[in-house]
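Next come the chains, spelled out residue by residue.
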Amino acid sequence: MLKAMFNLVLAFFLVLSLEGIARKIVARVQRRIGPPWYQNFIDVFKALSKHPFSNGWIFDFGVIMALGGAIATAMLMPLGSLKWTPFPNTDNFFVIVYLFTVGALGMAMGMVGSGNPWASIGISRALTQMLGYELPFLVVMASVIFNYKTASIHQLVALQSEKWNLFVMPLGAIVAFISLIGMMGKKPFDIAIAPAEIASGPMVELSGKYLGLLQIMHDFSLFVEISLFVNVFLGGGNLGWFLVKFVVVWVLAVLISAVLPRFRIEQMLKFYWGVPLGLAFLNALFVLFGLTL
């Protein structure tokens, strides 16, 4: 349980710090100064100090369900080795996906329950986007699980002791990274939020503590998504080495996001179900016929 609590503390401070640094990086790329790196901490604590506006019990329950799903998933996530695996018997990929989906459904239920049309449009976009990136990602993960005959995350990490999956299945790693950018909601896949188009979509009715809690839920979700990619494709190591890989993946995603415009929803689907899905199936064929590197 102590390791699980450590995961939550680490996720909170690490992701909030990196989000602040990411805003500085994007600002520098766009030749702006940008806010201080600790601005996100100020925003979250300020939101948590204010009274929220409720739109009914479905809205309230959705916020709690979304945060609960993200917390449960973050508590299970291994940090690059068995030593830093909070629950070695339950860090199964399917368990993690199941709990992660609970949080996403809670978010969808609560925001649609607000009755705001911008929130409904944003949730509709988010669910459509999930269909886009999850299909190639699940094909890649099915290939990995078939290749190693296990869905345990810490065992997948241990089995990469000699060679990372990044080099064993380079096509799969590329597809998973493209899917990861979609999961993170970074450009060109920030379609669900799109402040200039739909007034931040699902976030439009959030205020006070609810806004702060869902910002924390978003940070835990980012922690889970990047950690899953690092564990499955970038091998193991000690905690420091895991954090280095985590930051490298984060910075790479931010730099790509800083120079790309936003896709429209149909462009996003056409993109994910085009080259990435084709590469995912090609990777699966390589694994099926034992042609991995």
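Going by the structure above, here's the rest.
Residues numbered from 1 in each chain as written. Predicted model: local features only at pLDDT ≥ 70, side-chain atom pairs only at ≥ 80, totals over all residues. Heavy atoms only, no water.

## Some points on the overall build of the protein
No. 1: Helices and strands together make up the secondary structure of the protein, namely 13 helices and 0 strands.
No. 2: Reading the secondary structure of the protein in the N-to-C direction produces α-α-α-α-α-α-α-α-α-α-α-α-α.
No. 3: Scaling as 2.2 N^0.38, a compact globule of 293 residues should have a C-alpha radius of gyration of about 19 Å, and the protein matches this with 19 Å.
No. 4: C-alpha atoms of the protein, sized along the principal axes, occupy 55 × 45 × 40 Å.
No. 5: Looking at the protein residue by residue over its 293 residues, the buried ones come to 48%.
No. 6: For the protein, the computed accessible surface area is about 13500 Å², with 73% contributed by carbon and sulfur atoms.
No. 7: Both charge centroids of the protein, one from 19 positive and one from 12 negative side chains, sit 8 Å from each other. (Helix = DSSP H or I, 4+ residues; strand = E, 2+ residues; numbered from the N terminus. Rg over C-alpha atoms; globule rule 2.2 N^0.38 Å. Buried < 20%, exposed > 50% of the residue type's maximum accessible area, 1.4 Å probe, protein only. Areas by Shrake-Rupley, 256 points an atom, 1.4 Å probe, with all protein chains shown as cover. Lys, Arg positive; Asp, Glu negative; His and termini not counted. Charge placed at Lys NZ, Arg CZ, Asp CG, Glu CD.)

## Here's the deal with the environment of leucine 213
No. 1: Position of leucine 213 relative to the elements: it lies in helix 10 (residues 208-233).
No. 2: The exposure class of leucine 213 is partly exposed, given its relative accessible area of 27%.
No. 3: With 17 residues separating them along the chain, leucine 213 and valine 230 place their C-alpha atoms 26 Å apart.
No. 4: Here leucine 213 is in contact with Leu48, Val63 and Leu67, once residues within four sequence places are set aside. (Contact = heavy atoms within 4.5 Å.)

## Some points on the layout of surface pockets
No. 1: By volume, the second largest pocket is sized at about 180 Å³.
No. 2: Forming the boundary of the second largest pocket are 13 residues, of which Leu166, Phe229, Leu234, Val249 and Leu252 lie nearest the centre.
No. 3: For the lining of the second largest pocket, the elements supplying multiple residues, two or more each, are helix 8 (170-184) and helix 11 (239-258).
No. 4: Among the elements that line the lining of the second largest pocket, the one with the most residues is helix 11, at 6 residues.
No. 5: Class assignment of the residues belonging to the lining of the second largest pocket gives a composition of 12 nonpolar, no polar and 1 charged. (1 Å grid on protein atoms, 1.4 Å probe; cavity = no way out; pocket = protein on both sides within 12 Å on 5 of 7 lines; lining within 4 Å. Points joined across faces, edges and corners; volume = space filled by probe spheres on them. Nonpolar A, V, L, I, M, F, W, Y, C, P; charged D, E, K, R; others polar.)

## Remarks on the nonpolar core
No. 1: Ranked by internal contacts, the top residues of the largest apolar core, which has 81 residues, are Met111, Phe223 and Trp250.
No. 2: Residue contributions to this core peak at 14 residues, all from helix 10. (Core = buried A, V, L, I, M, F, W, Y, C linked by side-chain atoms within 4.5 Å.)

## Some thoughts on the packing of helix 4 (residues 93-113) against helix 5 (residues 117-148)
No. 1: With their axes 11 Å apart at the nearest point, helix 4 and helix 5 run at an angle of 175° to one another. With respect to helix 5, the axis of helix 4 lies roughly antiparallel. Between helix 4 and helix 5, the contacting residues are Phe93, Phe94, Ala104, Met107, Ala108, Met111 and Val112 on the first element and Ala119, Ser120, Ile123, Met130, Phe137, Leu138, Met141 and Ile145 on the second.
No. 2: Its residues assigned to classes, the contact of helix 4 with helix 5 comprises 14 nonpolar, 1 polar and no charged. (Axes fitted to C-alpha atoms, helices over the stretch in contact; angles between N-to-C directions. Parallel < 35°, antiparallel > 145°, perpendicular 65-115°, else oblique.)

## Remarks on the packing of aromatic side chains
No. 1: One pass over the full model with this rule turns up 21 aromatic pairs.
No. 2: For the ring pair phenylalanine 229 and phenylalanine 233, a centre distance of 5.3 Å and an interplane angle of 35° mean the geometry is tilted. One end of the pair, phenylalanine 229, and the other, phenylalanine 233, are both in helix 10, 4 residues apart, so they sit about a helical turn from each other. In terms of burial, phenylalanine 229 and phenylalanine 233 fall into one category: buried.
No. 3: An angle of 45° between the planes, with centres 5.7 Å apart, marks the rings of phenylalanine 263 and phenylalanine 271 as tilted.
No. 4: Assessed through its relative accessible area of 26%, phenylalanine 263 is described here as partly exposed.
No. 5: Through successive ring pairs, a cluster of aromatic residues spans Phe12, Phe13, Trp37, Tyr38, Phe41 and Phe45.
No. 6: Above the plane of the ring of phenylalanine 146 lies lysine 149, whose end atom (NZ or CZ) is 4.4 Å from the centre. (Phe/Tyr/Trp six-rings, centres within 6.5 Å; stacked < 30°, edge-to-face > 60°. Lys NZ or Arg CZ within 6 Å of the ring centre and 35° of its normal.)

## Section: unusual backbone geometry
No. 1: Note the cis peptide between lysine 187 and proline 188, where omega equals 10°.
No. 2: When you line up the elements, proline 188 lands in the loop between helix 8 and helix 9 (195-198).
No. 3: Residues other than glycine seldom take positive phi values, yet lysine 149 does so here, at roughly 60°.
No. 4: Residue position: lysine 149 is located in the loop between helix 5 and helix 6 (153-158).

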